[in-house]
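Below are the chains, spelled out letter by letter.
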Amino acid sequence: MQLSARNQLKGKITGVDKGAVMANIKIEVTEPNTITAVITKESAEKLGLTEGDDVTAIIKSTEVIIGK
């Protein structure tokens, strides 16, 4: 499946909890081992980001789409 979305995290479903309307799907992520973040130059400079820094990637989204 090809999508334009950059960060696609591949994994295996480890749990399915179905409610009356919604379902919680737990996915154990195995790849990719690199994700790409596009941020403003101002933010990169303000954080002082340099190669080798330890950071946390926080993915904010209103949706997670599952493809199979």
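Observations regarding the overall build of the protein
Here is step 1 of the chain: Looking only at helices and strands, the protein has one helix and two strands in total.
Here is step 2 of the chain: In terms of overall dimensions, the protein is more spread out than a globule: its C-alpha atoms have a radius of gyration of 16 Å, far above the 11 Å expected for 68 residues.
Here is step 3 of the chain: Taken along the three principal axes of its C-alpha coordinates, the protein extends 45 × 25 × 20 Å.
Here is step 4 of the chain: Sorting the 68 residues of the protein into buried and exposed places 1% on the buried side.
Here is step 5 of the chain: In the structure as shown, the protein presents an accessible area of about 7,100 Å², 51% of it carried by carbon and sulfur atoms.
Here is step 6 of the chain: Placing the 9 positive and 9 negative side-chain charges of the protein at their respective mean positions leaves the two points 9 Å apart.

Quick word on the environment of alanine 57
Here is step 1 of the chain: Examined against the element boundaries, alanine 57 turns out to sit in the segment after helix 1 (41-47).
Here is step 2 of the chain: You can call alanine 57 exposed: its relative accessible area is 54%.
Here is step 3 of the chain: Separated by 21 residues in sequence, alanine 57 and threonine 36 have C-alpha atoms that sit 9.4 Å apart.

Some details on the pairing of strand 1 (residues 10-18)
Here is step 1 of the chain: In this sheet, strand 2 (residues 23-31) lies alongside strand 1 in antiparallel orientation, the contact comprising eight bridges. Among the inter-strand pairings, glycine 11 is bridged to a residue of strand 2, identified as valine 29.
Here is step 2 of the chain: In textbook terms, the turn of a hairpin is the stretch between consecutive antiparallel strands, and for strand 1 and strand 2 this stretch comprises four residues.

Remarks on a nonpolar patch on the surface
Here is step 1 of the chain: A surface patch of nonpolar side chains, about 880 Å² in accessible area, is lined by Leu9, Ile13, Val16, Ile25, Ile27, Val29, Ile35, Ile59, Val64 and Ile66.
Here is step 2 of the chain: Those elements that provide at least two residues to the nonpolar patch are strand 1 and strand 2.
Here is step 3 of the chain: No other element matches the three residues that strand 2 contributes to the nonpolar patch.
Here is step 4 of the chain: Take leucine 9: it is sitting in the segment before strand 1.

So, the confidence of the model for the protein
Here is step 1 of the chain: Per-residue confidence for the protein averages 87 on the pLDDT scale, and 99% of its residues sit at or above 70.
Here is step 2 of the chain: Model confidence for the protein, summarised as mean pLDDT per element, is weakest for strand 2 at 88 and strongest for helix 1 at 95.

A few points about the pattern of salt bridges
Two side chains bearing opposite charge may form a pair once their charged atoms approach each other closely.
Here is step 1 of the chain: In the structure shown here, the tally under the stated rule is one salt bridge.
Here is step 2 of the chain: When the shortest N-O distance is used, the salt bridge between lysine 41 and glutamate 45 registers 3.9 Å. Of the two residues, lysine 41 and glutamate 45 both sit in helix 1, four residues apart, roughly one turn of that helix.
Here is step 3 of the chain: Residue classification places lysine 41 among the exposed residues on the basis of a relative accessible area of 64%.

Examining the environment of lysine 60
Here is step 1 of the chain: Within the secondary structure, lysine 60 is located in the segment after helix 1.
Here is step 2 of the chain: Between the alpha carbons of lysine 60 and isoleucine 25 there is a distance of 18 Å; along the sequence they are 35 residues apart.

Calculation rules
Residues numbered from 1 in each chain as written. Predicted model: local features only at pLDDT ≥ 70, side-chain atom pairs only at ≥ 80, totals over all residues. Heavy atoms only, no water. Helix = DSSP H or I, 4+ residues; strand = E, 2+ residues; numbered from the N terminus. Rg over C-alpha atoms; globule rule 2.2 N^0.38 Å. Buried < 20%, exposed > 50% of the residue type's maximum accessible area, 1.4 Å probe, protein only. Areas by Shrake-Rupley, 256 points an atom, 1.4 Å probe, with all protein chains shown as cover. Lys, Arg positive; Asp, Glu negative; His and termini not counted. Charge placed at Lys NZ, Arg CZ, Asp CG, Glu CD. Pairing = 2+ DSSP bridges. Patch = residues over 30% accessible without salt bridge, like charges linked within 9 Å, V, L, I, M, F, W, Y side chains within 5 Å. Salt bridge = Lys/Arg side-chain N within 4 Å of Asp/Glu carboxyl O. pLDDT = per-residue confidence, 0-100.

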